[in-house]
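One-letter residues, chain by chain:
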Amino acid sequence: MDENIFDRINEVDLKKTMEDSYIDYAMSVIASRALPDVRDGLKPVQRRILYAMKELSNTPDKPHRKCARIVGDTMGKYHPHGDSSIYGALVNLAQSWSTRYMLVDGHGNFGSVDGDGAAAMRYTEARLSKISVEMLSDIEKDTVDFIPNFDETEKEPTVLPSRYPNLLVNGASGIAVGMATNIPPHNLVEVINAVNKIIDNKVEEDRDTDIDEILQIVKGPDFPTGAHILGRAGIEEAYRTGRGKIIVRAVTDIEPMANGKNRIVVTELPYLVNKARLIEYIADMVKNKRIDGITELRDESNRNGMRICIELRRDVNPHIILKKLYKHTQLQTTFGTNMLGLVNNEPVVMNLKQMLGFYLEHQENVVRRRSQYELNKAEERAHILQGLLMALDYIDEVISIIRGSKTTAEAKEKLIGRFSLDDVQAQAIVDMRLRALTGLEREKLQGEYDSLQERIKELKEILGDIKKLLGVIKEEINVIRDKYGDERRSQIVADDSDITNDDLIPDENTVIAMTNMGYIKRMTTDNFKSQNRGGKGIKGMQTIEEDFIEDLLMTTTHHYILFFTNKGRVYRLKAYQIPEASRTARGTAMVNLLQLQPDEQVKAVINIRKEKTDGYLFMATKRGIVKKTALSEYANIRKTGLQAINLREDDDLIEVKLTNNENDIFLVTKNGMCIRFNEKDVRPTGRTSMGVIGMTIDDTDEIVAMQLDTQGAKLLIVSENGLGKRTEISEFTTQHRGGKGVKCYKIVEKTGLVIGAKSVNDNNEIMLITKAGIIIRMAVESISTLGRITSGVKLMNVDGDNVIAKIAKVREDDKAAAEEETTENSDENSDN
C-alpha cells in the first residue's frame, strides 16, 4: 500500500457539504427545470423544444415532422436529459385539454382526456402551431439574449420574444424544491385587453393602473376544458395576493326522461380531471352504496363533445344526487392557485398586476432591441445607397476610374480619394451591376433611399419616446388578439353562498317560454315581430320529439315568477335567474332550476312585481274547482317549495291570477262554455285548503282558461285549428259560482276545441304558438269582434297535427304604466 495515501485524504464538514450540494441542486431545479419565466411563461425544456422546431424549419406552413426527430434535435443541441421528459413536454403542448392555446400542432395519437398516453415518438408527428410562431417572432433580430448550450457548440435563447402574455394565457404548473407553481390559463382576449388598459393609462393619463381596473377586464381563469367557476371570491384573492383557491364545477344538466325518470348529463369537466377515472370512481361509489339512486352510468362522448350520462331511479331527487356527486367526486374540484414564476432568475409570487407589468417590461425591451437592430440595418443600407447614388451622378468618371485601375483594391482607393467615400461604399460601387446604370434602376434606388430615411426617422422616434414604443406594442398585440382570440370556455357562475345584487341586473321586458316536458328559457321581446293575421309564424323553440311549448309569459327581469305544480306546490324564482337563450334554443330543463319532487310538473305560472303582499291568489283547476288565498301567505317560499292547494287525484291546477277581491272571474272550457261570477262568491281560505266549485262541467269537458274583467274589455277565444274571435265581455252576464255558464264559442269540425282565452283591449298584441314551436305575433285589433255563439276568423295557418298549443298576450308598456295599472287594481301578472 502506498505509504502517502492518507496524506491525500482531505477532511470535510459533511453537514456543510450536504447543505451546499443540496442548495445547488435546489437552485438548478428552480431556475433550470420546474418554474416558468415570467416573460415568456415557458420552462427551459418547453423553450428549447420550440426553438429546436424553429431551427428545423418545422413551421405551420411546412409538413409535420416525426416527433423523434424533434426530440433528438432538442436533446442533442440544447437539453441533455432523457428523451421521455422532452417528449412528455412536447405532448403536453399539443393536447387541447391541457393547453388553452396549443403551441404544438400534433398529428397522430397524442393521448386523450381519459388519461390514455400518447403513441411512441416514432409514430407521431408535429410542427409549430400558428400562435407559437408569435412566441418566436423576431427572435433573429437581436430581441433576446443568447447563451452557449451545454457543450458550447450551439447558441440558445435565454427567453423567447413572446409577443403575447403566454404565462397567463396558457398558465403553468410545476413542482420545484421547497416550492411549486400553479397558474391557471386565461382567455387571450381578456389578458391582452388588460395589457391595453395598462398601456392606455400610461400613454393617455401618464399613470399606473390600479388592480381593480384590471379585475374588471380579466374576469377569471379560462380553462381549456370549460366547466363553471363558482363565485369570484377565490379569483379576487388569487389575483390580489398571488395565492387563492378557485372552485371549479362540471357543467351538468338534469334531463327529464319519457318514463318519468331523470338523468344527469355531464358535458364539461373541471381542468385536469381524468374522465375514465371519474366514471370508475362514481361506479365504485354506487357499488359500495355510498350513493343510492343511480341505475345506469354511461360514457356517450364522441367527436362532437363530452357526454357522461347518469340515469337515476324514479323516486329520487336529482338535485340531492347531484350535490352528493359534487361533494364526493371530481365533478367539483378546487384549483389551488399559486402564481409563482422566475423574475431575473429568482422565484417570486406575483399578483395579476405584477405579472402583466413584468410582461410589458419584457415587450418594451424586445421592441426597443428590435427597433435598434432594424435602425442599424436601415442606416447601413442607406449609407451604401448614398454611395451608389453619388456614383450614378458621376457615372462616367466612376467607370473611367474603374477601367483605368489594374486591381479592385486600386479602384477602391481611387474612388475613396475622389468622392470621399468609405470602404463599404467603395466596395458597393465596384460590385455594382451594369443594369444599375439604367434610369429605372436609378429611380428604384432613390425610392428605396427615401423610404429608408422615413423608416429611420420612425425608428428613432420609437426609441426616443416611450409612449410611441408602447403604441407599437399595443398595435402588435391587438393583431394577435384579433387573429387568435376566442370566446370564454369557463363561465363564472354565482356560488351558493354568493349574494345576488339585483341592482346589477337591468329591469327590462322579457319573454319566458316553457314546454310540456319541462324546459324553460328567457328571451328578449324583440325576437318576435308583429305579423298580419293569417300568417304562418316563425320558429319559437327547438323542441324534442313529442314536446311542445305550453306556456308563454310576458314579464320583466325583476318580476318574481311563481311556479305552481300539478301536486299543488309553489316555487319562486326571479325572472333573470332563468337562463337567457335564443329564440330557437330548447332552453334549460326546469328541474335544473327548481327542486321538483318525482313526477312533479309545473302547471301554472304567474309573475309578481317585487315583494308585493297585498291582494289574493285566485286559482282554478281543470275540473272547475276555484280557491282564493291571501298573497301574504306565500311571502316566504323555500327552495324546496311550499304547499299552495290540495288537489284531487284526477285534477290539475290550470291557472292562477293575482286579484283584489273586486274582480269578476271568467272560466272558459274546451267545449266552448263560459261562466262569469264575482270573486266575492269565493271566501278566502288557507294555503292547504282544497277550494270550492267554481263551474259545473261535464265529464268530457275541462277548464282551459281563467281571466279577469279588469284585463280587457273583450274576451278573445282561440281554437286549436287557428281560428279565433273577440266578444264584448258585456255579453256575459254575471252569475253565481257553481253554474254551468253560457255558450261562448261555436265549435265545428274546422275549428277544433277551444285551447285558450284572453281578456284583451284593442291596443294589445297576442302570440299564438303551435305544438311544433311555431310562433306568430299579431295586433288584437285585426281580429274580428263577433257575438258569443260564433266560430271566428282564421288567425294562423296550421296543418296536420300541428295545432295551436297556447296563446299569450304581449305587453310592452313601460314600468310607469305597469305601476299605474297595479294601483288601479289591475292584475299585473294576468297579461298572460
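Residues numbered from 1 in each chain as written. Predicted model: local features only at pLDDT ≥ 70, side-chain atom pairs only at ≥ 80, totals over all residues. Heavy atoms only, no water.

## Describing the domain arrangement of the protein chain
The cut-off we apply is this: Note: domain ranges come from an automatic or database domain assignment. By definition in these notes, contact holds between two residues if any of their heavy atoms fall within 4.5 Å. The working definition used for a salt bridge is a side-chain nitrogen of Lys or Arg within 4 Å of a carboxyl oxygen of Asp or Glu. Side-chain atoms alone can form a polar contact between residues adjacent in sequence; in general such a contact is a pair of N or O atoms within 3.5 Å, and within protein one must be able to donate a hydrogen while the other accepts it. Here a strand is any run of E in DSSP of at least two residues, a helix any run of H or I of at least four, and the numbering for each starts at the N terminus. Side-chain classes follow a simple rule in which Ala, Val, Leu, Ile, Met, Phe, Trp, Tyr, Cys and Pro form the nonpolar group, Asp, Glu, Lys and Arg form the charged group, and the remainder, Gly included, forms the polar group.
Domain annotation for the protein chain reports domain 1 (42–156), domain 2 (251–330), domain 3 (501–612) and domain 4 (643–827). Listed per partner, the contact involves 13 residues of domain 2 and 11 residues of domain 3. Applying the counting rule to domain 2 against domain 3 returns zero salt bridges. Here domain 2 and domain 3 share four residue pairs in polar contact (both at pLDDT 80 or more) between them. Put simply, the parts of the chain that give the side of domain 2 that touches domain 3 at least two residues each are β10 (251–256) and α11 (318–328). Examining the composition of the side of domain 2 that touches domain 3, we find that five residues originate from one element, β10, more than from any other. Residue composition of the side of domain 2 that touches domain 3, grouped by class: three nonpolar, five polar and five charged.

## Remarks on the side chain of Glu-364
Relative to the helices and strands, Glu-364 resides in helix α12 (residues 352–393). In this view, Glu-364 contacts Lys-202, Ile-466, Leu-469, Leu-470 and Ile-473; residues no more than four positions away in its chain are not counted.

## Here's the deal with the sheet that holds strand β12 (residues 294–299)
Definition in use: Strands qualify as paired when DSSP identifies two bridges or more between them. All axes are obtained by fitting lines to C-alpha atoms, using only the stretch in contact for helices, and the reported angles, taken between N-to-C directions, cover 0 to 180 degrees.
Taken in spatial order, the four strands make up an open sheet running β10-β11-β13-β12, and their pairing is antiparallel. Two strands close off the open sheet at either side, each with one partner strand: β10 and β12. Neighbour-to-neighbour, the strand axes of this sheet turn through a mean angle of 20°, independent of strand direction. By the bridge criterion, five bridges tie β12 to strand β13 (residues 308–312) in an arrangement that is antiparallel. Looking at the pairing, Leu-297 lines up with Ile-310 of β13. In the packing of helix α10 (residues 275–287) onto the sheet, the strands contacted are β12 and β13, and the crossing angle to β12 comes to about 165°.

## Description of the pairing of strand β35 (residues 723–728)
Applicable threshold: The rule is simple: take the accessible area with a 1.4 Å probe, protein chains only, and divide by the maximum for that residue type; under 20% is buried, over 50% is exposed, in between is partly exposed.
The buried fraction of β35 is high, at five of six residues. Linking strand β34 (residues 714–719) back to β35 in an antiparallel pair, the connection comprises three residues, with Gly-722 at a positive phi of about 90°. Alignment of β35 against strand β40 (residues 793–794), held across two bridges, turns out to be antiparallel. The residue of β40 that forms the bridge with Gly-724 is Val-793.

## With respect to helix α3 (residues 67–77)
As a reminder, the rule being used: The directions considered for the arc are those from the helix axis to the C-beta atoms.
Among all positions in α3, only Cys-67, Ile-70, Val-71, Asp-73 and Thr-74 are buried. For α3, the buried positions fall inside an angular range of 160° around the axis, keeping them on one side. Tucked into the core, α3 has its buried residues touching α2 (44–55), β1 (65–66), α4 (83–93) and β3 (125–128).

## Considerations on the packing of aromatic side chains
Put simply, the rule is: Note on aromatic pairs: the rings of Phe, Tyr and Trp (six-membered ring only in Trp) are paired at centre separations within 6.5 Å, and the planes decide the class, stacked below 30 degrees, edge-to-face beyond 60, tilted for the rest. Here, over-ring charges are defined by two tests on the NZ atom of lysine or the CZ atom of arginine: distance to the ring centre within 6 Å, and angle to the ring normal within 35 degrees.
The final tally for this structure, using the stated rule, is eight aromatic pairs. Summarising the aromatic geometry, the rings of Tyr-394 and Phe-419 are spaced 5.6 Å apart at their centres and angled 35° between planes, so their arrangement reads as tilted. With a gap of 25 residues between them, Tyr-394 in the loop between α12 and α13 (395–403) and Phe-419 in helix α14 (residues 408–419) connect regions that are remote in the sequence. Judged by its relative accessible area of 9%, Phe-419 is buried. By the ring-pair criterion, three or more aromatic residues cluster together here, those being Tyr-51, Tyr-78 and Phe-146. Directly above the ring of Tyr-326 sits Arg-249, whose terminal nitrogen or CZ lies 4.0 Å from the centroid. Above the face of the Tyr-560 ring, Arg-572 is positioned so that its terminal group lies 4.3 Å from the ring centre.

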